[in-house]
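Understanding the architecture of this molecule
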Amino acid sequence: MATRLDRKLVAEAALGLLNDVGLEGLTLRRIAKELDVQAPALYWHFKNKQELLDEMATVLLGRMTAPLDAAGDGSAGGSKDSFGDGFGSGDWRVMLTETCRRTRSTLLGYRDGGKVFGGTRLRDQALLRPMETLLAAMRDAGFTAERAARAWFTTYAYTIGYVIEEQSVFPVPGDPRPDPAYDQRERERSVGADHPLTAAAGIEIFGDTARGFEDGLRAVVAGIEATLLRGE
């Protein structure tokens, strides 16, 4: 019996193809071939590639938020085991930080994951529950609703932007080898004589990206506390 085609099934097949073909190589025709159906069958579900990306991003968000949602409930698989100090701790700094970490780690599992996720529209409002929990914790900590929203969007934009840049350096998930365009020795040779500080900065920017993300995230969260919570 043939598998019944639906939007989620198509989106999951598309995500499965990403590591092989990347975002630019992902077409409805290629996905149809993967599912062993004719391409027109997919147009019943998606009018264009943007609708497909919206569904793919929704599937990704579901994968990101499942453990966060469980931690927020205090249910099995709780926060301390999954996220150190814990999404369910009620500490907005921890909750915001762990949300960003989870977002990054999920997107890094897919080639062009940051590009797939950025700028899309959510198709399942039930997935907003962890965000509601986070915003409520920020309100309880003294943020206004407006400043809590700004804080969330600032960290979200930092995380998505960082992942997009990170994946331009390391395009293949799990492969520690950078794209040849970011070869540090070549960079030092080509720009080091005239721009030594810029050449040296490349070691920091394109080197340990995991540490760089953590450093930047701490700076962002500290800035949010100083300006949006305690600042005038």
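Residues numbered from 1 in each chain as written. Predicted model: local features only at pLDDT ≥ 70, side-chain atom pairs only at ≥ 80, totals over all residues. Heavy atoms only, no water.

Per an unreviewed UniProt entry, the protein chain goes by the name TetR/AcrR family transcriptional regulator C-terminal domain-containing protein and belongs to Streptomyces chrestomyceticus.

**Topic: the overall build of the protein chain**
Short version of the rule: Secondary structure elements are taken from DSSP: a helix is a run of H or I of four residues or more, a strand is a run of E of two residues or more, and numbering for both begins at the N terminus. A simple rule labels every residue: compare its accessible area, found with a 1.4 Å probe on the protein chains alone, to the largest value its type can have, and call it buried under 20%, exposed over 50%, or partly exposed in between. Contacts are assigned to residue pairs that have any heavy atoms within 4.5 Å of one another. Shrake-Rupley sampling with a 1.4 Å probe provides the accessible areas, and residues are treated as covered by the protein chains on show and by no other component.
Each helix and strand counted, the protein chain has twelve helices and zero strands in total. Ordered by position from the N terminus, the helices and strands of the protein chain form the series α-α-α-α-α-α-α-α-α-α-α-α. Of all 232 residues assigned to the protein chain, the portion counted as buried reaches 40%. Long-range contacts, defined as pairs at least 24 residues apart, comprise 71% of the intrachain contacts of the protein chain with a sequence gap of at least 6. Accessible surface, the protein chain: about 13,100 Å² in total, of which carbon and sulfur atoms supply 52%.

**As for the UniProt feature "DNA-binding region" (unreviewed entry) in the protein chain**
Applied cut-off: UniProt positions are given in the numbering used here, feature names are shortened, and annotations may be inferred rather than shown by experiment.
Annotation from UniProt places "DNA-binding region" (unreviewed entry) at residues 27-46. A distance of 12 Å separates the end C-alpha atoms of residues 27-46, which is 60% helix and 0% strand.

**Structural notes on the nonpolar core**
As a reminder, the rule being used: The definition of a nonpolar core used throughout is a set of buried Ala, Val, Leu, Ile, Met, Phe, Trp, Tyr and Cys residues joined through side-chain atoms within 4.5 Å.
Ranked by size, the top nonpolar core spans 32 residues in total, and within it L26, I31, L52, M56, L60 and F117 carry the most contacts. When residues of this core are traced back to their parent elements, those giving at least two are α1 (7-21), α2 (28-35), α3 (39-42), α4 (49-73), α7 (113-117) and α9 (145-169). Contacts of F117, omitting those with residues within four sequence positions, involve A57, L60, L61, M64, L107, Y156 and I160. The next biggest cluster of nonpolar side chains, apart from the first, holds 19 residues, and it includes L96, M138, V220 and L228.

**Looking at the environment of G114**
If you trace the backbone, G114 turns up in helix α7. Residues in contact with G114, not counting those within four places in the same chain, are L107, I160, V163, I164 and Q167.

**Some points on the pattern of salt bridges**
Should their charged atoms come close, side chains of opposite charge can pair. Rules: Each salt bridge in this description consists of a side-chain nitrogen of Lys or Arg and a carboxyl oxygen of Asp or Glu lying within 4 Å of one another.
On inspection of all chains with the given rule, the structure shows 16 salt bridges. With a closest N to O distance of 3.2 Å, E55 and R7 form a salt bridge. On the criterion of sequence distance, the pair formed by E55 in helix α4 and R7 in helix α1 is long-range, its members being 48 residues apart. Comparing E55 with R7 shows no difference in burial state: the two are buried.

**A closer look at the packing of aromatic side chains**
For clarity, the threshold we go by: Only Phe, Tyr and Trp rings are paired, with Trp represented by its six-membered ring, and only when their centres lie within 6.5 Å; those with planes under 30 degrees apart are stacked, over 60 edge-to-face, the remainder tilted.
The tally for this structure, following the rule as stated, stands at nine aromatic pairs. With 6.4 Å between their ring centres and 55° between their planes, F117 and Y156 make a pair best called tilted. Placement of the pair is F117 in helix α7 and Y156 in helix α9, with a sequence separation of 39 residues. Ring geometry for W152 against F153: centres 6.0 Å apart, planes inclined by 50°, an arrangement best described as tilted. Feature note: the residues F117, W152, F153 and Y156 constitute an aromatic cluster, connected by ring pairs.

**Some details on α9**
One turn of the α-helix equals 3.6 residues, which is why residues spaced by three or four share an orientation. Condition: By this rule, a helix spans an expected 1.5 Å times one less than how many residues it contains.
With 25 residues, α9 should reach 36 Å at 1.5 Å per residue; the first-to-last C-alpha distance of 37 Å fits that figure. Of all the residues in α9, the buried ones are A148, A151, T155, Y158, T159, I160, Y162, V163, E166, Q167 and V169. Against α6 (92-107), α7, α8 (129-140), α11 (196-206) and α12 (209-229) lie the buried residues of α9.

**Considerations on the side chain of R104**
One can find R104 in helix α6. With residues near it in sequence (within four places) discarded, R104 still touches T159, V163, E166, T209, A210 and F213.

**Re the side chain of Q167**
Note the cut-off: The term polar contact refers here to a pair of N or O atoms within 3.5 Å; inside protein, the definition further demands a hydrogen-donor-capable atom paired with an acceptor-capable atom, and it admits residues adjacent in sequence only when both atoms are side-chain atoms.
Following the sequence through the fold, Q167 ends up in helix α9. Accessibility expressed as a relative area gives 6% for Q167, which makes it buried. Polar contacts involving the side chain of Q167 include one to the main-chain carbonyl oxygen of L107, which spans 3.1 Å. At 3.1 Å, the side chain of Q167 forms a polar contact with the backbone nitrogen of G113. Excluding anything up to four places from it in sequence, Q167 contacts L107, L108, Y110, D112, G113 and G114.

**Quick word on the packing of helix α10 (residues 184-191) against α11**
Applied cut-off: Axes here mean lines fitted to C-alpha atoms, for a helix over just the part in contact, with angles spanning 0 to 180 degrees between N-to-C directions. Angle categories are assigned with fixed cut-offs, so that under 35 degrees is roughly parallel, over 145 is roughly antiparallel, 65 to 115 is roughly perpendicular, and the rest are oblique. Here a crossing is called left-handed whenever its near helix is offset anticlockwise from the far helix by less than a right angle, and right-handed whenever the offset is clockwise.
α11 packs onto α10 with a crossing angle of 165° between their chain directions and a minimal axis gap of 8 Å. What the angle tells us is that α10 and α11 run roughly antiparallel. Crossing of α10 against α11: the hand is right-handed. Across from Q184, R187, E188 and V191 in α10, the residues of α11 making contact are P196, T198, A199, G202, I203 and F206.

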